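Analysis of the macromolecular model
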Amino acid sequence: MSDTTLSSRTVLVTGATCGIGYETARQLAGRGATVLLHGRTTEDARAAADALVATADVAADRLSTYAADFTRLDEVETLAHKVVAEHTHLDVLVNNAAMAAPERHTVTADGNEIAFQVNFLAHYLLTCLLEPALTSDPGGRVVNVSSALHRTASIQWSDPNRARRYSRLAAYAQSQLALTVFAADPRVTAVSVHPGVCDTALLPLYGHEGMSPAEGAAHVVRLCDPAVEIVNGAYYDRDARIEAAPAATEDRTVRRLNKLADLLVGRTA
């Protein structure tokens, strides 16, 4: 792949301040893309941009910074409106921000289990609000950074917050299954990718050594390239397209999840 294949592309990367998100932003900018870096705080996002300029030889004018704490859905909404106001067209949205579910059951100010909100609901809301920018020209796409752990999951429809029975691994896996299911939503062309087990803050969930975030990010960046053809709803394990968990592609599950997500993020259809 040449280094300029992404030169006219604008890409928003959530969770771009560390790990796979930071490496994804670095590789995209290195290949000529304009990268919108999202961080939890303005300081985090600016620090990541400064580091890319200082250490990765990225031109500062290729980067814009945005902040939103995904534990607060009002901040996600503000982020989306700001992006759309400044970029009427967005080529790619990389839904990467993620957290490990905490040991103890934790609920956000919005009333949702924290990992379900940060890893899935915030991205659901952001994607819905960015839909006009992603579809203003043909070819816009969403890349959801998911996990092979989605295969172990089930969505607890009657108790998505897992208030009755909480396990951090089950809560994390549920958030990843939801993100994978959401890729099959017909409104915006989207895929999900398991970038491999990488040495990031999420590694303890897997409990063994991981490869470098740069290696994981390369699989994400590949799917951002318009030269790589994608099928809506496809799931990739690194660079191989494979079947996702059966639940992830069922129309009924997609519709049911959208209904649940709309309810939980306060969107009215």
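In this convention, every chain numbers its residues from 1, walking through the sequence in written order. Since the coordinates come from a predicted model, pLDDT governs what is reported: local features require at least 70, and pairs of side-chain atoms require 80 or more to be given and counted, while whole-chain, interface and lining totals use all residues. By convention in this description, side-chain values take in all heavy atoms of the structure and omit both hydrogens and water.

A look at the sheet that holds strand β8 (residues 240–242)
Read across the sheet, 8 strands follow the order β3-β2-β1-β4-β5-β6-β7-β8 without closing on themselves; strand pairing throughout is mixed. If you trace the sheet from one side to the other, it starts and ends with β3 (63–67) and β8, each paired once. Pairwise comparison of adjacent strand axes, ignoring direction, gives a mean angle of 25° for this sheet. Between any two strands, at least two bridges found by DSSP are needed for them to pair. Helix and strand definitions here come from DSSP, where helices need a minimum of 4 consecutive H or I residues and strands a minimum of 2 consecutive E residues; each element is numbered from the N-terminal end. In the sheet, strand β2 (residues 34–39) pairs with β3 via 5 bridges, with the strands oriented parallel. Opposite L37, over in β3, you have T65 as the bridge partner. Contacts are assigned to residue pairs that have any heavy atoms within 4.5 Å of one another. Every axis corresponds to a line fitted to the C-alpha atoms, with the helix fit spanning only the stretch in contact, and the corresponding angles, defined between N-to-C directions, vary from 0 to 180 degrees. This element, helix α2 (residues 42–55), spans β2 and β3 of the sheet and lies at about 160° to β3. Along the sheet, helix α7 (residues 213–224) contacts β4 (92–95), β5 (141–145), β6 (190–194) and β7 (235–237); its crossing angle with β5, the most-contacted strand, is approximately 165°.

Thoughts on the packing of helix α4 (residues 114–134) against helix α8 (residues 251–265)
Where α4 meets α8, the axes come as close as 10 Å, and the angle between the chain directions of the two elements is 95°. Relative to α8, α4 is oriented roughly perpendicular. Contacts between α4 and α8 involve F116, F120, L121, Y124 and L125 from the former and L257, N258, A261, D262, L264 and V265 from the latter. Across the contact of α4 with α8, the residue classes tally to 9 nonpolar, 1 polar and 1 charged. Here is the rule for angles: anything less than 35 degrees is roughly parallel, anything more than 145 is roughly antiparallel, 65 through 115 is roughly perpendicular, and the remaining ranges are oblique. Polar here means any residue outside two lists: the nonpolar Ala, Val, Leu, Ile, Met, Phe, Trp, Tyr, Cys and Pro, and the charged Asp, Glu, Lys and Arg; Gly therefore counts as polar.

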